[in-house]
Amino acid sequence: MAFFEVLWHGEAIGDGGDLEEALQSYGLLDPRPPSWPEACAQPRAEPCIRRYASFDAFLDNADELETIPVTAAMIETALASAGVHQGQVGEAGGGGP
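Peer 1: How should I be thinking about a negative patch on the surface in this particular structure?
Peer 2: Taken together, the side chains of Asp 15, Asp 18, Glu 20 and Glu 21 define an acidic patch exposed on the protein surface. The residue Asp 18 is located in the loop between strand E2 (11–16) and helix H1 (19–23) in this model.

Peer 1: Would you mind showing me how to read the side chain of Ser 25 here?
Peer 2: Topologically, Ser 25 is positioned in the loop between H1 and helix H2 (36–40). For Ser 25, a relative accessible area of 9% corresponds to the buried category. With near-sequence residues (within four places) excluded, Ser 25 lies in contact with Val 6, Ile 13, Gly 14 and Asp 15.

Peer 1: For this particular structure, what's the right way to read the nonpolar core?
Peer 2: Nonpolar side chains tend to gather and get buried jointly when the protein is soluble and globular. Grouped together as the largest cluster of nonpolar side chains are 18 residues, with contacts concentrated most on Trp 8, Tyr 26, Trp 36, Ile 49 and Ile 75. Of all elements in the fold, only strand E1 (3–8), H1, H2 and helix H4 (72–81) reach the threshold of two or more residues within this core. Per-element tally for this core: the top contributor is H4, with four residues.

Peer 1: Looking at this model, I keep getting lost on the confidence of the model for the protein. Mind explaining?
Peer 2: Low-pLDDT stretches of the model should not have their predicted coordinates read in fine detail. Chain-level statistics for the protein give a pLDDT mean of 85 and a share of 81% at 70 or above. Across residues 87–97, where pLDDT falls below 50, the model places 22 contacts with residues more than four positions away in sequence or in other chains.

Rules used throughout
- Residue indices begin from 1 for each chain and proceed along its sequence in written order.
- Predicted model: local features are reported for residues with pLDDT of at least 70 only, side-chain atom pairs are reported and counted for 80 or more only, and whole-chain, interface and lining totals are derived from all residues.
- Excluding hydrogens and water, the side-chain values take into account all heavy atoms of the structure.
- Like-charged residues within 9 Å of one another, or nonpolar side chains (Val, Leu, Ile, Met, Phe, Trp, Tyr) within 5 Å, are grouped into patches, provided each residue has over 30% relative accessible area and no salt bridge.
- Using a 1.4 Å probe, the Shrake-Rupley method yields the accessible areas, and only the shown protein chains count as cover for residues.
- Here, a salt bridge means any side-chain nitrogen of Lys or Arg that lies within 4 Å of a carboxyl oxygen of Asp or Glu.
- Counted charges follow a simple rule, with Lys and Arg positive, Asp and Glu negative, and His plus the chain ends left uncounted.
- Note that the charge is assigned to NZ on lysines, CZ on arginines, CG on aspartates and CD on glutamates.
- Helical segments are the DSSP runs of H or I of at least four residues, strand segments are the runs of E of at least two, and each set is numbered from the N terminus.
- The buried label applies to any residue whose accessible area, calculated with a 1.4 Å probe on protein chains only, is under 20% of its type's maximum; exposed applies above 50%, and partly exposed to all values in between.
- In what follows, a contact means two residues having at least one pair of non-hydrogen atoms within 4.5 Å.
- For this analysis, a nonpolar core means a set of buried residues of the types Ala, Val, Leu, Ile, Met, Phe, Trp, Tyr and Cys, connected via side-chain atoms within 4.5 Å.
- On a range of 0 to 100, pLDDT expresses the predictor's confidence in each residue.

Right, here's the structure in full:
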């Protein structure tokens, strides 16, 4: 089973067992300015997800199978499907661009 590592500003901020779960990790951020398009456009934000063959491959420091560039629309869709509204998670979770 694949494993996905979520990156923001070059740092791992979450993970998931599938792409949608991984994308929902971005809900832990509190982007300022308060819009995903603006947050993703920040210099060095470079949101992306690394896909590994499995969790074990990730733990064994295997190379990722691919790096998936993440768009603001991808984040917004994943958060909407999870019922996360802007501001809710970021206030509780901390972090930020």
